[in-house]
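# Coordinate analysis (summary)
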Amino acid sequence: MTTPTDASAYKPVSFSETVITELMIPSYSNFGGKIHGGILLSLMDKVAYVCAAKHAGNYCVTASIDTVDFLAPVEVGDLVSLMASVNYVGKTSLVVGIKVISENIKTNTVHHTNTSYFTMVAKNEDNLPVMVPGLVLQNRTQVRRFLEAVRRKQLKHNYKQEADKIVMPDNEELCREMLEGERCTIA
């Protein structure tokens with residue numbers, strides 16, 4: 001792992017804040033006439049990469065995506081803006097917070113459609129993890145976002161530990177008891 005030079009040891013959040021705006025065209029729509037969720041995920045991955053790479057000064061790859069909730073549909077003809085900022089940095093990873101809004105330019109209505117957090121890992125030319133610059137937090141919002149990212153990281157670790165404890169019972173009768181009241185049947 002390489003380390004950043006002294007001059008790039010810390011960068012402010014504003015250094016890498018990124019906004020991408022794109023017109024939603026008919027070829028992006030699903031069978032229901034709304035914009036396909038995969039299109040939005042692809043745009044979110046793109047803005048996360050740009051934001052992370054600007055901060056890291058290196059190529060970055062997506063390591064994980066926290067929950068993506070689709071809060072409102074996006075229509076053909078809407079302008080979609082994806083606003084990204086680095087909310088947290090570790091040694092080689094960054095958490096990029098993304099807020100997605102859609103704007104109907106005819107009616108001037110704006111909807112918050114998605115919020116998500118992408119964990120990105122910085123890589124060097126040999127595809128090895130590389131240390132990222134620290135983060136200069138300049139206001140209460142940035143401090144709050146950093147602390148929220150620390151808490152999400154702790155919750156994610158706890159969730160993984162609990163999920164690893166999930167095992168299939170060997171006893172078929174116990175399986176049937178556990179599934180009672182659920183919408184399934186064992187054939």
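First, a word on what this report is: a plain description of the structure on this page. (Residues numbered from 1 in each chain as written. Predicted model: local features only at pLDDT ≥ 70, side-chain atom pairs only at ≥ 80, totals over all residues. Heavy atoms only, no water.)

## Describing the environment of Gly57
Mapped onto the elements, Gly57 comes out in the loop between helix 2 (37-56) and strand 3 (59-65). Spatially, the C-alpha atom of Gly57 lies 9.5 Å from that of Asn124, the residues being 67 residues apart in sequence. (Helix = DSSP H or I, 4+ residues; strand = E, 2+ residues; numbered from the N terminus.)

## Quick look at the pairing of strand 5 (residues 93-104)
Note that strand 4 (residues 79-89) and strand 5 share ten bridges and pair antiparallel. Bridge assignment links Tyr88 to a residue of strand 5, and that residue is Val95. Here strand 5 folds back onto strand 6 (residues 109-123), and the loop between the two strands holds four residues, one of which, Asn108, carries a positive phi near 60°. (Pairing = 2+ DSSP bridges.)

## Quick look at the pattern of salt bridges
Inspection of the entire model under this criterion finds seven salt bridges. With its nearest N and O atoms 3.4 Å apart, the salt bridge here joins Lys160 to Asp164. What emerges from the salt-bridge pattern is a single network uniting Asp66, Arg152 and Lys156. (Salt bridge = Lys/Arg side-chain N within 4 Å of Asp/Glu carboxyl O.)

## Comments concerning the nonpolar core
If you look at the biggest cluster of nonpolar residues, it comprises 30 residues, and the most contacted ones within it are Leu82, Leu94, Val96, Ile98 and Met120. Elements that contribute at least two residues to this core include exactly helix 2, strand 4, strand 5 and strand 6. Element by element, the count of residues in this core is highest for helix 2, at eight residues. (Core = buried A, V, L, I, M, F, W, Y, C linked by side-chain atoms within 4.5 Å. Buried < 20%, exposed > 50% of the residue type's maximum accessible area, 1.4 Å probe, protein only.)

## A look at unusual backbone geometry
For residues other than glycine, phi is negative in most cases, and the peptide bonds are mostly trans. Look at Asn108: it is not a glycine, yet its phi comes out positive at around 60°. For Asn108, a relative accessible area of 60% puts it in the exposed group. One non-glycine residue with positive phi stands out, namely Asn127, at about 65°. Take Asn127: it is sitting in the loop between strand 6 and strand 7 (134-136).

## Observations concerning the environment of Thr18
Locating Thr18 in the fold gives a position in strand 2 (residues 18-23). In this structure Thr18 touches Val47, Val50, Cys51, Lys54, Leu82, Met83 and Ala84, once residues within four positions along its chain are discounted. Only 2.8 Å separates the side chain of Thr18 from the backbone oxygen of Ser16, close enough to count as a polar contact. (Contact = heavy atoms within 4.5 Å. Polar contact = N/O pair within 3.5 Å; in protein donor to acceptor, adjacent residues only side chain to side chain.)

## A closer look at the sheet that holds strand 3
Here we have five strands laid out as an open sheet, ordered 2-4-5-6-3, and antiparallel in their pairing. Each edge of the open sheet carries a strand with a single partner, namely strand 2 and strand 3. Shown here is a sheet whose adjacent strand axes are inclined to one another by a mean of 30°, direction ignored. Alignment of strand 3 against strand 6, held across six bridges, turns out to be antiparallel. When the sheet's bridge partners are listed, Val61 is paired in strand 6 with Val121. Across the sheet, helix 2 touches strand 2, strand 3, strand 4, strand 5 and strand 6, and the angle it forms with strand 4 is around 45°. (Axes fitted to C-alpha atoms, helices over the stretch in contact; angles between N-to-C directions.)

## What about a nonpolar patch on the surface?
Together, Leu137, Val143 and Leu147 make up an exposed nonpolar region whose accessible area comes to about 230 Å². Locating Leu147 in the fold gives a position in helix 3 (residues 140-163). (Patch = residues over 30% accessible without salt bridge, like charges linked within 9 Å, V, L, I, M, F, W, Y side chains within 5 Å. Areas by Shrake-Rupley, 256 points an atom, 1.4 Å probe, with all protein chains shown as cover.)

## Some thoughts on the environment of Gly32
Tracing the backbone shows Gly32 in the loop between strand 2 and helix 2. With 15 residues separating them along the chain, Gly32 and Glu17 place their C-alpha atoms 33 Å apart.

Nothing here speaks to function; it is all geometry.
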